[in-house]
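Structural characterization, general
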Amino acid sequence: MTDYTRNALLRDRFGEPLTRVEQIVEARLIEGRTSKEIADERNVSMNTIKVQRAGVFEKRGVHSVVELIHALFKLERKCS
């Protein structure tokens with residue numbers, strides 16, 4: 001699946017697109033990184049990551065990293 005197709009499906013499923021920074025945070029969360037690890041990597045405060053993580057969760061309609069991974073996995077399976 002191309003990035004364009006994936007992004008179109010994500011917009012259809014979840015509505016408002018993530019910002020570039022939220023996309024980075026989402027990718028790191030999916031990789032299994034903690035908020036502290038992401039903050040250290042991006043050289044920002046934990047509070048900044050908490051806000052960006054909350055934005056990801058809100059836009060994806062989930063409440064946890066597990067729900068996020070599950071929702072994205074379901075979407076990927078649906079498209080294959």
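In what follows, the structure referred to is the one given above.
Figured I'd write up the structure that's included with this text. Note that this is a predicted model, so its numbers are computed, not measured.

**Describing the overall build of the protein chain**
The secondary structure content of the protein chain amounts to 5 helices and 0 strands. Expressed as a percentage of the 80 residues in the protein chain, the buried residues total 29%. By sequence separation, contacts in the protein chain at least 24 residues apart represent 59% of the contacts at least 6 residues apart. For the protein chain, the exposed surface amounts to about 5,500 Å²; the carbon and sulfur share of it is 51%.

**Details of the nonpolar core**
Counting 12 residues, the largest nonpolar core is built from Leu18, Val25, Leu29, Ile38, Ala39, Ile49, Val56, Phe57, Val62, Leu68, Ala71 and Leu72. Only helix H2 (20–30), helix H3 (35–42), helix H4 (46–60) and helix H5 (65–79) provide two or more residues apiece to this core.

**Looking at the pattern of salt bridges**
Under the criterion given, the structure shown has 6 salt bridges. Among the ionic pairs, Glu22 bridges to Lys59, the shortest N-O distance being 2.7 Å. Placement of Glu22 in helix H2 and of Lys59 in helix H4 is noted, with a sequence separation of 37 residues between them. You'll find Glu22 and Lys59 in the same group, each marked buried. Where Glu26 meets Arg60, a salt bridge forms, and the shortest distance between an N and an O atom there is 2.8 Å. With a gap of 34 residues between them, Glu26 in helix H2 and Arg60 in helix H4 connect regions that are remote in the sequence. Given the relative accessible area of 5%, Arg60 is considered buried. Linked by salt bridges that have partners in common, Arg28, Glu31, Arg33 and Glu41 make up one network.

**So, the side chain of Glu26**
You can call Glu26 buried: its relative accessible area is 5%. Leaving out residues up to four positions away in the same chain, Glu26 has contacts with Leu18, Val56, Arg60, Leu68 and Leu72.

**Here we look at the packing of H2 against H3**
It is at 10 Å that the axes of H2 and H3 come closest, and there the two elements cross at 130°. Overall, the two elements H2 and H3 adopt an arrangement that is oblique. In this structure, H2 meets H3 at a crossing whose hand is right-handed. Residue-level inspection shows Val21, Ile24, Val25, Arg28 and Leu29 of H2 in contact with H3, the latter providing Ile38, Glu41 and Arg42. Here the residues of the contact of H2 with H3 sort into 5 nonpolar, no polar and 3 charged.

Cut-off values and rules
- Residues numbered from 1 in each chain as written.
- Predicted model: local features only at pLDDT ≥ 70, side-chain atom pairs only at ≥ 80, totals over all residues.
- Heavy atoms only, no water.
- Helix = DSSP H or I, 4+ residues; strand = E, 2+ residues; numbered from the N terminus.
- Buried < 20%, exposed > 50% of the residue type's maximum accessible area, 1.4 Å probe, protein only.
- Contact = heavy atoms within 4.5 Å.
- Areas by Shrake-Rupley, 256 points an atom, 1.4 Å probe, with all protein chains shown as cover.
- Core = buried A, V, L, I, M, F, W, Y, C linked by side-chain atoms within 4.5 Å.
- Salt bridge = Lys/Arg side-chain N within 4 Å of Asp/Glu carboxyl O.
- Axes fitted to C-alpha atoms, helices over the stretch in contact; angles between N-to-C directions.
- Parallel < 35°, antiparallel > 145°, perpendicular 65-115°, else oblique.
- Left-handed = near helix turned anticlockwise from the far one by under 90°.
- Nonpolar A, V, L, I, M, F, W, Y, C, P; charged D, E, K, R; others polar.

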